[in-house]
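# Summary of structural features
For reference, the chains in residue letters:
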Amino acid sequence: MSAATARSLTISYSMLLTPPCGYNPPVTVTLFAGQEDARQWLNPVAEAVSGPERYGTVTIDGLTPGTAYWFRFSADGRRDPYVVGSGRTTPLAVCAATMAIGSAWSGGFVATVTVRNVGDATLDAWRVSLRWPGDERILTLWNAVAQGSGADVTIGNASYNGTLAPGGSTTFGMLVAVGAPPGDIALGCDR
């Protein structure tokens with residue numbers, strides 16, 4: 001498997017040998033909902049066919065978010081008897097976080113983080129994960145609660161701002177100490 005989104009899996013293939021020991025393109029990738037179904041070639045849920053290349057990728061769309069799938073290969077009208085691979089689609093995003101630095105000086109900055117519900121259901125809690133690129137550390141935090149320290153920090157909602165309706169948002173702020181101007185700060189958001 002080489003990539004996944006909420007609704008698709010991209011699967012790599014390579015046909016090193018030609019018949020009689022190998023296969024000729026195109027290759028068919030068949031998806032199954034269970035490992036045992038894949039082993040027995042039962043109840044396929046999706047299928048895609050490659051182009052004429054001997055190696056490449058095949059993308060299968062229309063899948064269910066956050067779901068495990070197993071796949072098998074076939075070509076030349078024959079099923080590959082050995083390879084059973086697996087992959088998982090990613091869950092649908094439920095929230096997004098953006099950071100704006102309001103003021104900065106040598107030794108620190110003040111930042112406001114906006115958390116937005118991008119899903120279609122009300123969130124009852126949220127968490128923002130931060131990956132600092134340098135020696136940053138949070139000195140003060142408001143409207144949220146921090147867990148962890150160092151390069152990876154998780155910040156959760158306060159007791160009064162965890163519920164977000166679809167399309168709704170809230171903010172929290174922080175005073176951050178830093179030895180050098182901040183670089184790219186990686187943010188993630190989940191519930």
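Residues numbered from 1 in each chain as written. Predicted model: local features only at pLDDT ≥ 70, side-chain atom pairs only at ≥ 80, totals over all residues. Heavy atoms only, no water.

So, about the packing of aromatic side chains. Across all of its chains, the model carries four aromatic pairs by this definition. Aromatic side chains Phe32 and Trp41 sit 5.9 Å apart centroid to centroid with 90° between the ring planes, which places their arrangement in the edge-to-face category. The class of Phe32 is buried, set by a relative accessible area of 0%. Arranged with centres 5.7 Å apart and planes meeting at 15°, the rings of Trp126 and Phe172 form a pair that is stacked. Here the residue Trp126 occupies a position in the loop between strand 10 (108-117) and strand 11 (127-131), and Phe172 occupies one in strand 15 (residues 169-177), the gap between them amounting to 46 residues. Each member of the pair, Trp126 as well as Phe172, is classed as buried. (Phe/Tyr/Trp six-rings, centres within 6.5 Å; stacked < 30°, edge-to-face > 60°. Buried < 20%, exposed > 50% of the residue type's maximum accessible area, 1.4 Å probe, protein only. Helix = DSSP H or I, 4+ residues; strand = E, 2+ residues; numbered from the N terminus.)

It is worth spelling out the environment of Gly173 at this point. Along the chain, the position of Gly173 falls in strand 15. Taking the C-alpha atoms as reference points, Gly173 and Trp126, 47 residues apart in sequence, are found 15 Å from one another. Ignoring sequence-local partners within four residues, the contact set of Gly173 consists of Ala111, Thr112, Thr140, Leu141 and Trp142. (Contact = heavy atoms within 4.5 Å.)

Of note, Thr89 is situated in the loop between strand 8 (85-88) and strand 9 (95-105). Within the structure, Thr89 has its side chain in polar contact with the backbone nitrogen of Gly66 (distance 3.0 Å). Separated by 2.9 Å, the side chain of Thr89 and the backbone nitrogen of Thr67 make a polar contact. When sequence neighbours within four positions are dropped, the list of residues in contact with Thr89 reads Ala4, Thr5, Ala6, Ser8, Leu9, Leu63, Thr64, Pro65, Gly66, Thr67 and Tyr69. (Polar contact = N/O pair within 3.5 Å; in protein donor to acceptor, adjacent residues only side chain to side chain.)

For the rest of this paragraph, the subject is the sheet that holds strand 5 (residues 55-60). The pairing of strands in a sheet comes from backbone hydrogen bonds and takes either a parallel or an antiparallel form. Strand order in the open sheet made by the three strands is 1-2-5, with antiparallel pairing throughout. The open sheet terminates on both sides in strands that have one partner only, identified here as strand 1 (3-4) and strand 5. Across six bridges, the pairing between strand 2 (residues 9-14) and strand 5 is antiparallel. Along strand 5, the bridge assignment pairs Ile11 with Val58. (Pairing = 2+ DSSP bridges.)

The biggest cluster of nonpolar side chains holds 22 residues, and the ones touching the most others in it are Val115, Trp132, Phe172 and Met174. Among the secondary structure elements, those contributing two or more residues to this core are strand 9, strand 10, strand 11, strand 14 (152-157) and strand 15. Apart from residues no more than four positions distant in its own chain, Phe172 is found in contact with Ala111, Thr112, Val113, Val115, Trp126, Val128, Leu141, Trp142, Asn143, Ala144 and Ile155. (Core = buried A, V, L, I, M, F, W, Y, C linked by side-chain atoms within 4.5 Å.)

Once that is clear, we can look at the sheet that holds strand 15. Taken in spatial order, the four strands of this open sheet run 9-10-15-12, and their pairing is antiparallel. The two strands at the open ends of the sheet, each matched to only one other strand, are strand 9 and strand 12 (137-142). Strand-to-strand, the axes of this sheet are offset by a mean angle of 25°, without reference to chain direction. For strand 10 and strand 15, the ladder comprises nine bridges, and the chain directions are antiparallel. Residue pairing for strand 15: Thr114 is matched across the bridge by Thr171. (Axes fitted to C-alpha atoms, helices over the stretch in contact; angles between N-to-C directions.)

The next thing to look at is unusual backbone geometry. Here the amide bond leading from Pro19 into Pro20 is cis, since omega sits at 15°, within 30 degrees of zero. Note that Pro20 resides in the loop between strand 2 and strand 3 (27-32). At the junction of Pro25 and Pro26, the peptide bond is cis and its omega measures out at 5° in the coordinates. In this structure, Asp76 is a non-glycine residue whose phi angle is positive, near 55°. Tracing the sequence through the fold places Asp76 in the loop between strand 6 (68-75) and strand 7 (78-79). With relative accessibility at 38%, the residue Asp76 sits in the partly exposed group.

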